[in-house]
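# Fold and contact review
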Amino acid sequence: MMSDVCVFVPVSPAAERLRYILGEDDDMPNPTLFTEMDTLQQDGDELEWKESARWVKFEEKVEDGGERWSKPHVSTLSLHSLFELRTCLQTGTVVLDLEGYSLPQIVDEIIERQIDEGMLSPDLREKISFVLLRKHRHQTKKPIHRSLADMGKASGGGARECPSALWSRMNTLHILNIDMINCSYVLCCFTGHAHSRSMNDIADTLSTDQLRNKFMKKIPRDAEASNVLVGEVDFLDKPFVAFVRLAQATTLGGLTEVPVPTRFLFILLGPTGKAKSYNQIGRAIATLMVDDLFSDVAYKARDREDLIAGIDEFLDEVIVLPPGEWDPKIRIEPPKKVPTADKRKSVHSLNELGQPNGTAGGSGGHAEDEEIVCVFARFCGGLFLDMKRKLPWFPSDFYEGFHIQSISAVLFIYLGCITNAITFGGLLGDATDNYQGVMESFLGTALSGTVFCMFSGQPLIILSSTGPILIFEKLLFEFSKNNGIDYMELRLWIGIHSCIQCFLLVATDASYIIKYMTRFTEEGFSSLISFIFISDAIKKMVSHTQYYPINTDFKPDYVTAYKCECLAPDPSENLTSSQPLLSPSPYSSTSKTLNITDLDWSQLSKKECVKYGGSLVGNTCKYVPDLALMSFILFFGTYSMTVSLKKFKFSRYFPTKLRKLISDFSIFMAIMTFVGLDRLIGLKTPKLIVPTEFKPTRPDRGWIVLPFGKNPWWVYLASFVPALLVTILIFMDQQISAVIVNRKENKLRKGCGYHLDLFWVGVLMAVCSFLGLPWYVAATVISIAHIDSLKMESESSAPGEQPQFLGVREQRLTGILVFVLTGVSIFLAPVLQFIPMPVLYGVFLYMGVASLSGIQFWERIKLYMMPSKYQPDFPFLRHVPLRRVHLFTLVQIICLAVLWVLKSTVLAILFPVMILGLLVVRKMLDMVFSQHDLAWIDDILPGKDKKKDKKKKGDKDDTKKKDKKKGRADDSKDKVRNVKIYCHQLAGLEQKKPG
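Named according to an unreviewed UniProt entry, the chain is Anion exchange protein originating from Oncorhynchus tshawytscha. The heading Sequence similarities (unreviewed entry) in the UniProt record of the chain holds the text "Belongs to the anion exchanger (TC 2.A.31) family."

Printed below as a string of structure tokens:
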């Protein structure tokens, strides 16, 4: 939150001029500039322009070996080169909006202007033209620049006699030492025109190397080129400088290494002996051309002074490094995040990193304006607005899902959903005596998820069952059992009442409450759910040590004492002398009975010994393989491999597309790797068990629950009370998860639909109640994982520039496919039975840890363990004292601990009420922290923002009243004074214009 005090920032004349230039309204942004610098070099008897560096965002130079590009790095310029560049533009030729269609014509126009202005002698016309029209050798070509075809043309032409006029002209250049016998055919066709083919050695059309250049993938489609030509010649006694902006971008043949039309051209030719200085000036103008602010100035400049003002503004922002404390040979790596030029374009820049979070409504992650969650005067106004907002996007919600990234997202979320369905179904079966079990969990997940993703306002949300719902089901079943009430019928009426209550919340636009859910509430809730995922995954793994204990008592030195024998049953017991043979055995006779006295009991297997009534004796009879150790290997291996492959797209190995593909399919590759390892080892680790028959878990119940007939009539009305608790639980869980999904950091462009989401959750509550299926609500962690798996990044990022986050692939297809696959999982049981449960628990662990990334609360917790000098440069640390940050974090930790203790007890059913309690705690923090501090570490509540606006309005009214008391005479004096100052500034600008 900014202070209300107006601060006057001193403005330089250059900044004032740029504000006037860039202040013009222009809806079309300027194209991205690709800048190439070529230097004039002599190779044997030939002159050529050789590419030495290029810029898209950062500089790449041709290494000294000449066969490879350097790594992209930040351009480091000498201050002297910038001043020399400024002088060059002041004294050289500046041509703006030149109608150019070819390089010879452009060169002819430049030379003609310099001759007319007396800057160039007419007898140097053809020499300058000859040099500027030499061919360009780009880095994409092989070092041997002359192809066999060119050499064949030279030799095949035979000995030709060159005209004496041509020879005299060429001899005066003192550049080429051409043999009379090997004079090429092109030179013999020389005529007196400056743009003749003899003078033009550059190709007019694009070459195959240019068209096939893979570097085009790094350049945006609408990009234009800026060419810089620098070199030294021995026939000039002063520099030849020209800056040209073409009226329309034109493709100038082989001038640029990529098939990009040229818009700007900078030429610097000078006397010999200053090649290094010319090269530095060329690098300076090339760096300026890719600067966001200067490129805008170059496009909109009206005269020479505008360009010089752009350089002056650049000099105002230049940071000088002392030469004794820094090695100029060091190449600075490109930063991970590059600040935009918006602050430099604003004269009143704060020159600070970051911005305050603002109000809860603005930074709470909403993709639309405040009208999304405001209270409407008409009935169901919010619901109709959500439908109106989402309907135009409905077709694109399907065809935008056809992308290879969607496949990895479906596989990832599918495995998470079925694991959660199996776990929750098993617990629910134990809590309700199998009235609801794994089969009901699978069917309910498939039905609810598919319908929600098809028609909801935010299809990226994944529905699932939650812990508070499980506790409510358990308490409800125990209450029904103790009071002789039919559980399924009572549950049906609770679902009907809850559905009606959800409809009332939708009709009255109760989602308005999310305006008060600040970062404090969001991060507390999402952190709790993330920690629950992490702890549950670890608890399930630790429980394996109880079923498959590690053999800690094994002593290798006593291996000879370990044995297990099968002893025959005691003959004194009342046992028959023969037992029926239930299965073939190597000891069986042809008859269907056998005599146990004929068996060699010492050779029987463990199963056969137990089967025929024998007893196992020995200290190794209870040996169990180290399945717990193997399970932990699968568990942590899946998690570690997923994390490593997810970060693989930032590595330096393999091409970009392959790295991104590996990153997208990281979870699938990790699962398949450790499933294969489990099959290779062959141990009987716990596997995924999926129902194979489509029937209710409990045989005495059907798929339809009847609403009448088993309970007294008053139960139908009294169920309104527990339904109210369920509604609060669903409303808070659903809306907080939706706020986290719709936060502005995800850059969702299709908007949200809080009212529409709640409407369909209410409908599914009633449907699932009639079918006897579990109730479902938004799952925070799985929804965050769904969004992370669908994040999009820019493909044509400049070399050295990190790919820009573009947003999320918003569509309905992935969610629908996930839940359809969940429904047909009963037919995939033969395949799914090979997946070990520890592998899926590793996926759960990854989901929990990954959802913590990007949470400011988690970053602030880590600050407790960091000395101040090692703390990251977070924006809030620049504006809020560290002790205040620690105090705010401590309050969040205490709230999180209370919620954790609460969810671990029977009181977990009050969990949604405690979420409402977080809103109360946040309101109380206004009395402890200033609004300035809260604006940086949290959000400003809407009420505070309104008070601030009223205060501003009141201040303005008071100011107006004071101004009226001063009288119109003072106002007139001020106006006259301002007009004089403005006219004086304009007069100064007019005097600076070239005459």
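Okay, the side chain of Gln734 next. Tracing the backbone shows Gln734 in helix H26 (residues 720–741). Within polar-contact distance, the side chain of Gln734 engages the backbone nitrogen of Ala778 at 3.2 Å.

Attention now moves to the nonpolar core. Counting 134 residues, the largest nonpolar core has Phe412, Ile413, Ile494, Leu688, Trp775, Ile782 and Met847 as its most contacted members. Not counting chain neighbours up to four residues away, the residues in contact with Phe412 comprise Ile667, Ala785, Ser789, Val843, Tyr846 and Met847. By size, the runner-up hydrophobic cluster in this structure holds 33 residues, among which are Met37, Ala53, Val230 and Phe266.

Turning our attention to the pairing of strand E1 (residues 33–43). Among the 11 residues that make up E1, eight are buried, leaving the element largely enclosed by the rest of the structure. Where E1 lies against strand E2 (residues 46–55), nine bridges are found, and the strand directions are antiparallel. Residue Asp38 lies in a different strand from E2, and its bridge partner there is Glu51. Hairpin connection of E1 to E2: two residues between the antiparallel strands, including Gly44 at a positive phi of 70°.

Looking now at the pattern of salt bridges. Summed over the entire model, instances satisfying the criterion amount to 29 salt bridges. Here Arg68 ties to Glu63 by a salt bridge, and the two come within 3.7 Å at their closest N and O atoms. Taking the shortest distance from any N to any O, the salt bridge between Glu63 and Arg331 comes out at 3.0 Å. Of this pair, Glu63 sits in the loop between strand E3 (59–61) and helix H2 (79–91) while Arg331 sits in the loop between helix H11 (304–317) and helix H12 (342–345), and the two are 268 residues apart along the sequence. Taking relative accessible area as the criterion, Glu63 reaches 18% and is therefore assigned buried. A single network of salt bridges, built from pairs that share partners, joins Asp397, Glu400, Arg749, Lys750 and Arg812.

This next bit is on the packing of aromatic side chains. Under the definition given, this model contains 18 aromatic pairs. Their ring planes at 85° and their centres at 5.3 Å tell us that Phe477 and Tyr487 sit as a pair that is edge-to-face. One end of the pair, Phe477, is in helix H18 (residues 467–483); the other, Tyr487, is in helix H19 (residues 487–507), with 10 residues separating them in the sequence. Cluster of aromatic residues (ring-pair linked, three or more members): Phe455, Phe503, Phe759 and Trp760. Its end group placed over the ring of Phe130, Arg134 keeps NZ or CZ at 3.8 Å from the ring centre. Residue placement shows Arg491 over the ring face of Trp775; its charged tip is 4.4 Å from the ring centre.

Two measures define how a pair of helices packs: the angle their axes make with one another and the distance between the axes. Here helix H17 (residues 438–455) crosses helix H29 (residues 813–823) at 160°, and the two axes come no closer than 8 Å. Comparing their axes, H29 and H17 come out roughly antiparallel. For H17 against H29, the interelement crossing comes out left-handed. For the pair H17 and H29, contact is made by Phe442, Thr445, Ala446, Gly449, Thr450, Cys453 and Met454 and by Gly815, Ile816, Phe819, Val820, Thr822 and Gly823, respectively. Here the contact of H17 with H29 is composed, by residue class, of seven nonpolar, six polar and no charged.

Procedures and definitions
- Residues numbered from 1 in each chain as written.
- Predicted model: local features only at pLDDT ≥ 70, side-chain atom pairs only at ≥ 80, totals over all residues.
- Heavy atoms only, no water.
- UniProt positions renumbered as here; feature names shortened; annotations may be inferred.
- Helix = DSSP H or I, 4+ residues; strand = E, 2+ residues; numbered from the N terminus.
- Polar contact = N/O pair within 3.5 Å; in protein donor to acceptor, adjacent residues only side chain to side chain.
- Core = buried A, V, L, I, M, F, W, Y, C linked by side-chain atoms within 4.5 Å.
- Buried < 20%, exposed > 50% of the residue type's maximum accessible area, 1.4 Å probe, protein only.
- Contact = heavy atoms within 4.5 Å.
- Pairing = 2+ DSSP bridges.
- Salt bridge = Lys/Arg side-chain N within 4 Å of Asp/Glu carboxyl O.
- Phe/Tyr/Trp six-rings, centres within 6.5 Å; stacked < 30°, edge-to-face > 60°.
- Lys NZ or Arg CZ within 6 Å of the ring centre and 35° of its normal.
- Axes fitted to C-alpha atoms, helices over the stretch in contact; angles between N-to-C directions.
- Parallel < 35°, antiparallel > 145°, perpendicular 65-115°, else oblique.
- Left-handed = near helix turned anticlockwise from the far one by under 90°.
- Nonpolar A, V, L, I, M, F, W, Y, C, P; charged D, E, K, R; others polar.

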